[in-house]
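In case you want the letters, here they are:
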Amino acid sequence: MTIKGVLFDFSGTLFRVEPVGDWLSAVLEDSGITLPADEFARCARELEEVGALPGGANPLRIPAHLTELWGVRDKDGELHRRTYTGLAREVELPDPRLYDLLYDRHMTPEAWRPYPDTKPVLAALRERGVKVGVVSNIGWDLRPVFRAHGLDDFVDAYLLSFEHGVQKPGERLFREACEAIGLEPAEVLMVGDDRRADGGAAALGCAVHFVDHLPADERPDALLAVLALAGEDR
């Protein structure tokens, strides 16, 4: 059967979140807080180690009191915030306001950068008449990110875990995504960077293609393979 639709993961697939140092620097600047260089370096390093930046590195160790939350964090917006601000609170920061301000920052379009090939690939799929959906384990509405970067017109449907109360790799989110773009699973390709979460689409009958979760500068053209796969017979 011919591939007529493509479902994309968001973070690490179409977009990459800013580095932890940039994330912390932006929040400190907006809040008027200054830190000595060595203290800034400590905060940035420890925030990365605890996995406080959604879309960034996973925690080196999940604190016992957050283990249960971590497993369901993408099912609800409040759970998502509690999980990541809880991780951030494992780090001593100079002002208690920063924990929520850091979380708020990561939801802004300025915190995200599309991979170099994201727009060309989405535009080419639209030109070919291939349906496109975004399927993400996430705790907030990413549509403003797509709009701000001029990519919303290329997306036919968004299936976000927190809006449906279910996470990948469960089949339900993939099934609803296929229904949203009006295609059977066998006609759909799922593209993502997480072999466990995104690979769950295979159980439904979708084809699956993986890309590496790398900084944007280090992954200029991995999505181009999607154009070869879309439209081909399975």
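Preceding block: the structure.
Because the structure is predicted, anything quoted here is derived from the model rather than measured.

1. A few points about the sheet that holds strand 4 (residues 131–136)
Logical step 1: An order of 5-4-1-6-7 is seen for the five strands of this open sheet, with the pairing classed as parallel. On the outer flanks of this sheet lie strand 5 (157–160) and strand 7 (207–210), each paired with one strand and no other. Here the strands of the sheet are splayed against their neighbours by 20° on average, with no regard to which way each runs.
Logical step 2: When strand 1 (residues 5–8) meets strand 6 (residues 188–192), the two strands line up parallel, connected through four bridges. Its bridge partner being in strand 6, L7 is matched across the sheet by M190.
Logical step 3: On the sheet, helix 6 (residues 118–128) packs against strand 1 and strand 4 and is oriented at approximately 155° with respect to strand 1.
Logical step 4: Each of strand 1, strand 4, strand 5 and strand 6 touches helix 9 (residues 171–180); the most contacted strand, strand 5, lies at about 165° to it.

2. Remarks on the layout of surface pockets
Logical step 1: Empty space within the largest pocket amounts to approximately 700 Å³.
Logical step 2: Together, 33 residues line the largest pocket, and N58, R73, D74, N137 and D194 are the ones closest to its centre.
Logical step 3: Every element with two or more residues in the lining of the largest pocket is listed here: helix 3 (67–72) and helix 4 (77–88).
Logical step 4: Split by residue class, the lining of the largest pocket holds 12 nonpolar, 13 polar and eight charged.
Logical step 5: Contributing to the lining of the second largest pocket are 13 residues, with R16, V17, E18, P19 and P215 lying nearest its centre.
Logical step 6: Looking at side-chain class alone, the lining of the second largest pocket contains seven nonpolar, one polar and five charged residues.

3. Structural notes on the nonpolar core
Logical step 1: In this structure, V6, F8, F10, L47, L125, L142 and F146 are the most contacted members of the largest nonpolar core, which totals 59 residues.
Logical step 2: Considering every element that reaches this core, the biggest residue donor is helix 1 (residues 20–31), with five residues.
Logical step 3: For F10, the contacting residues outside a window of four places in its chain are F15, W112, V134, V135, S136, I138, W140, L142, V145 and F146.
Logical step 4: Counting residues in each nonpolar core, the second largest holds 16 residues, with L7, L159, A177 and I181 among its members.

Rules used in this analysis
Residues numbered from 1 in each chain as written. Predicted model: local features only at pLDDT ≥ 70, side-chain atom pairs only at ≥ 80, totals over all residues. Heavy atoms only, no water. Pairing = 2+ DSSP bridges. Helix = DSSP H or I, 4+ residues; strand = E, 2+ residues; numbered from the N terminus. Axes fitted to C-alpha atoms, helices over the stretch in contact; angles between N-to-C directions. Contact = heavy atoms within 4.5 Å. 1 Å grid on protein atoms, 1.4 Å probe; cavity = no way out; pocket = protein on both sides within 12 Å on 5 of 7 lines; lining within 4 Å. Points joined across faces, edges and corners; volume = space filled by probe spheres on them. Nonpolar A, V, L, I, M, F, W, Y, C, P; charged D, E, K, R; others polar. Core = buried A, V, L, I, M, F, W, Y, C linked by side-chain atoms within 4.5 Å. Buried < 20%, exposed > 50% of the residue type's maximum accessible area, 1.4 Å probe, protein only.

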